[in-house]
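The residues making up each chain are set out below.
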Amino acid sequence: MKHNKIWIPIFLAPACILFLLVFALPLVLVFVTSLFEYKLMPNTFSFTGLSNYVKLFTQDPNFLPILKNTLVWILIHCTLHVVLGTALAFVLYKKPFGWKVVRTGYMIPNIISQSAIAMIFLNLYNASFGAVNSVLKSIGLEHLCHNWLFDNNTAFPAVTMIWLLFAGYTTTLVLAQLLSVDESIIEAARVDGASSLQIDFMIMFPLVRKMIGTTVIMAAAYMLQLFSMIYITTGGGPGVSTTNLPLYLYTTMKNRYDYGYANAIGVVIIAIGAVCMVAIRKLFRMNEEDY
Amino acid sequence: MLNKASTPAEKIVKVLGYIFMAVCLIVALFPIVWVIMSSFKSNKEIMANGLALPTSFAFTGYQEALKIAPILKFFGNSVIITCCSTCINVLSLAMAGYIFAKKRFRGREVLYAILSISLMIPMTSVLHPVYLIINKLGLYDTKAALVLVYSALSMPMSLMILRSTFEGIPTSLEEAAYVDGAGFVRTFFQIMLPCAKGGLASAAVLAFLDGWNEFTFALLLTSSDKARTLPLALSYFSSQFSFNYTAMFAAITIAVIPSIVLFAIFQEQVVSSMTAGSVKG
């Protein structure tokens, strides 16, 4: 089978070309150009070392609030969102009446595009005809009505609600794992007199620990990819109160043409992603075997 | 059978469980139902009461929506781009996955580890370099640019799914094909690929959803109607839709319905691909 050897690189080539063009080369470029003063207006390209990073952390009044927004969203998403999705999975795996309908229905907001969800919420929050204010009016709480997305006090929580409650991915993944647990383990625990709550917490939870860890990593990654839902609804405002790092990178690049600075923000995003991944894997002991 | 003998506490838990299920379902579906409902109301009805049911069942909003924005054109772009990128993604990673699963060569594990790095990179961090590369290739504002980027987007998931799929296919099958005189390429396309149908479908579903719903790169890499995709259509035309809310709700409905229908049909496939992708990760 000598001809094998020629075909190996040929079969690997398409995947490697894709990887080079969309991952490897951009990754190198983002790290290298973050060390340059690299602007379109005025046209400059000169090595300045870490000065973009120094500027980010010490001179830019917008950066730290935006970094904080990003980290707060990651924290909320990794906790509340995942707990919600996991809790629903623990209710559904006992196959109560209608569990399949709930599983499917709860997944729907995650299956349609983020930009459509954003448009839907832009209207739900609309000050004059949006459903949120309409509900408040109909139950006599008219004084609580707000222009939710554009009011300084409500913009951040209002934007957060666009993704916080839709934990369909978490539910689906944890549920799939729960359903794959061997029935005999549950039966054995029942025979030993364990209540269903004890079974949930002492037996099932440890068995799906790694999958929950996976969904936490996915939740953190999701928050670092978050763009369209903010771009379409608030555009990051008022001020920078709902801007996150990806949106800041985008505006730095598209409105200020400051590419070196934008790519320094990119490196910060990559660093946060890596730290989150390592921390979550440790927290959920995902490298350890169960048995 | 055993849960017949439940204690009062367990009964309460059960009832709470049903309430929780109902709340989750309502929270998930209310926004979409509200939008679909509003698309049948007139502008006046929408402004008068945001929650009232439509008084008549008119499709005028849909006709106007199609007139205001070239939604069908964007829909077509989305179909072309996503189908191409899904095919390229699945085919190129099936080839690579097969090599990683079945062939020994120097540097195999190192190369696999390097390719897996792509899983660690939030794509929002490399917006500028990707923009730069697409420009240098002369692909700015073309469908090809988005096909290229989308083909790579779900690369790590596809690679993991397809490698483990090919690992599960017995090597004896391959050897039998060689003994019968089939060459390397024929063995792959006629023997191995048909055996890997399940994995191919899983990878394809994930790649399709990734491309179909992508917004950021579509926004970054296009500037005219000839390459814009459906996710852009809504936000791009929101100014044209102002003061015609019926049409806007209709446009959102048009954008949302295909995904929901596809999900309803391929539900089991979607769920199993997601699980396959995440377990390996």
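Reading the values: the criteria
- Residues numbered from 1 in each chain as written.
- Chains lettered and ligands numbered in written order.
- Predicted model: local features only at pLDDT ≥ 70, side-chain atom pairs only at ≥ 80, totals over all residues.
- Heavy atoms only, no water.
- Helix = DSSP H or I, 4+ residues; strand = E, 2+ residues; numbered from the N terminus.
- Areas by Shrake-Rupley, 256 points an atom, 1.4 Å probe, with all protein chains shown as cover.
- Pairing = 2+ DSSP bridges.
- Contact = heavy atoms within 4.5 Å.
- Buried area = accessible area lost by both parts, 1.4 Å probe.
- Salt bridge = Lys/Arg side-chain N within 4 Å of Asp/Glu carboxyl O.
- Polar contact = N/O pair within 3.5 Å; in protein donor to acceptor, adjacent residues only side chain to side chain.
- Nonpolar A, V, L, I, M, F, W, Y, C, P; charged D, E, K, R; others polar.
- Phe/Tyr/Trp six-rings, centres within 6.5 Å; stacked < 30°, edge-to-face > 60°.
- Buried < 20%, exposed > 50% of the residue type's maximum accessible area, 1.4 Å probe, protein only.
- Core = buried A, V, L, I, M, F, W, Y, C linked by side-chain atoms within 4.5 Å.
- Domains from an automatic or database assignment.
- Disulfide = S-S within 2.5 Å.
- Axes fitted to C-alpha atoms, helices over the stretch in contact; angles between N-to-C directions.
- Parallel < 35°, antiparallel > 145°, perpendicular 65-115°, else oblique.

K.L.:
Any chance you could explain the overall build of chain A here in plain terms?
P.N.:
Looking only at helices and strands, chain A features 14 helices and two strands. Seen through its C-alpha atoms, chain A measures out along the principal axes to roughly 80 × 75 × 35 Å. With an accessible surface of roughly 12,900 Å², chain A has 68% of that area assigned to carbon and sulfur atoms.

K.L.:
Would you mind showing me how to read the pairing of strand S2 (residues 44–47) of chain A here?
P.N.:
Consecutive side chains of a regular strand alternate in pointing toward one face of the sheet and then the other. All names here are of chain A. One ladder, built from four bridges, connects strand S1 (residues 36–39) with S2; its direction is antiparallel. Across the sheet, the residue bridging to Lys39 is Thr44, located in S2. In textbook terms, the turn of a hairpin is the stretch between consecutive antiparallel strands, and for S1 and S2 this stretch comprises four residues.

K.L.:
Looking at this model, I keep getting lost on the interface of chain B and chain A. Mind explaining?
P.N.:
For an interface, size is often stated in terms of accessible area lost upon the parts coming together. Contacts between chain B and chain A engage 87 residues on the former and 91 residues on the latter. Across the interface of chain B and chain A, roughly 8,100 Å² is buried in total on both sides, 81% from carbon and sulfur atoms. Three residues, Met21, His128 and Phe184 of chain B, lead the burial of chain B against chain A; their summed loss comes to 8% of the area buried on that side. Salt-bridge contacts for Glu268 of chain B lead to Arg103 of chain A; the nearest nitrogen and oxygen are separated by 3.3 Å. Inspection of the region where chain B meets chain A yields nine residue pairs in polar contact (both at pLDDT 80 or more). In terms of residue class, the side of chain B that touches chain A is made up of 66 nonpolar, 17 polar and four charged.

K.L.:
I keep staring at the packing of aromatic side chains and nothing clicks. Help me out?
P.N.:
Aromatic rings considered in pairs are described by the distance between their centres and by the relative angle of their planes. For the structure on display, the rule yields 38 aromatic pairs over all chains. Ring plane angle 55° and centroid distance 6.4 Å describe the contact between Phe11 of chain A and Tyr98 of chain B, whose orientation is recorded as tilted. In this pair, Phe11 of chain A is assigned in helix H1 (residues 4–33) and Tyr98 of chain B in helix H4 (residues 71–102), connecting two distinct chains. Of the residues examined, Tyr98 of chain B reaches a relative accessible area of 0% and is grouped as buried. Taken together, a centroid distance of 5.0 Å and an interplanar angle of 85° make the contact between Phe11 of chain A and Phe184 of chain B edge-to-face. Of this pair, Phe11 of chain A sits in helix H1 while Phe184 of chain B sits in helix H10 (residues 184–195), on two different chains. Phe184 of chain B shares its class with Phe11 of chain A; the two are buried.

K.L.:
How should the nonpolar core be read in this particular structure?
P.N.:
Burial of nonpolar side chains together is a common tendency in soluble globular proteins. Judged by nonpolar contacts, the single largest core of 186 residues is most densely connected at Trp163 and Leu245 of chain A together with Tyr98, Phe166, Phe188, Phe217 and Leu221 of chain B. Ranked by residues supplied to this core, first place goes to helix H15 (residues 245–280) of chain B with 14 residues. Of the residues that make up this core, three or more belong to each of domain 1 (2–60) and domain 2 (71–280) of chain B.

K.L.:
Sorry, what's going on with the domain arrangement of chain B here?
P.N.:
All names here are of chain B. The assigned domain composition of chain B is domain 1 (2–60) and domain 2 (71–280). When each unit is reduced to the centre of its C-alpha atoms, the spacing between domain 1 and domain 2 is 33 Å. Of the residues lining the interface, 11 residues belong to domain 1; the matching set on domain 2 comes to 11 residues. For domain 1, the biggest contributors to the area lost against domain 2 are Val35, Ser39 and Asn43; these three give 49% of the whole. Counting every contact that joins domain 1 to domain 2 gives zero salt bridges. At the junction of domain 1 and domain 2, the tally comes to one residue pair in polar contact (both at pLDDT 80 or more). Put simply, the parts of the chain that give the side of domain 1 that touches domain 2 at least two residues each are helix H1 (8–38) and helix H2 (43–48). Among the elements that line the side of domain 1 that touches domain 2, the one with the most residues is H1, at five residues. Class assignment of the residues belonging to the side of domain 1 that touches domain 2 gives a composition of six nonpolar, four polar and one charged.

K.L.:
Explain the state of the cysteines to me, please; I cannot follow it from the model alone.
P.N.:
One covalent bond between the sulfur atoms of two cysteine residues makes up a disulfide. Here the structure, examined in full by the defined rule, presents zero disulfides over all chains. As a non-bridged cysteine, Cys276 of chain A has Cys78 of chain A as the owner of its nearest cysteine sulfur, 6.3 Å distant. With a relative accessible area of 17%, Cys276 of chain A lands in the buried category. The closest cysteine sulfur to the non-disulfide-bonded Cys24 of chain B is located on Cys78 of chain A, 19 Å from its own sulfur. Given a relative accessible area of 4%, Cys24 of chain B falls into the buried group.

K.L.:
Looking at this structure, how should I read the packing of helix H2 (residues 51–59) of chain A against helix H14 (residues 259–283) of chain A?
P.N.:
Residues and elements named next belong to chain A. Where H2 meets H14, the closest approach of the two axes is 9 Å, and the angle between their N-to-C directions is 75°. Judged on the interaxial angle alone, H14 and H2 are roughly perpendicular. For the pair H2 and H14, the contacting residues are Asn52, Tyr53, Lys55, Leu56 and Phe57 in the first and Gly260, Tyr261, Ala264, Ile265, Val267 and Val268 in the second. For the contact of H2 with H14, the class distribution of residues is eight nonpolar, two polar and one charged.

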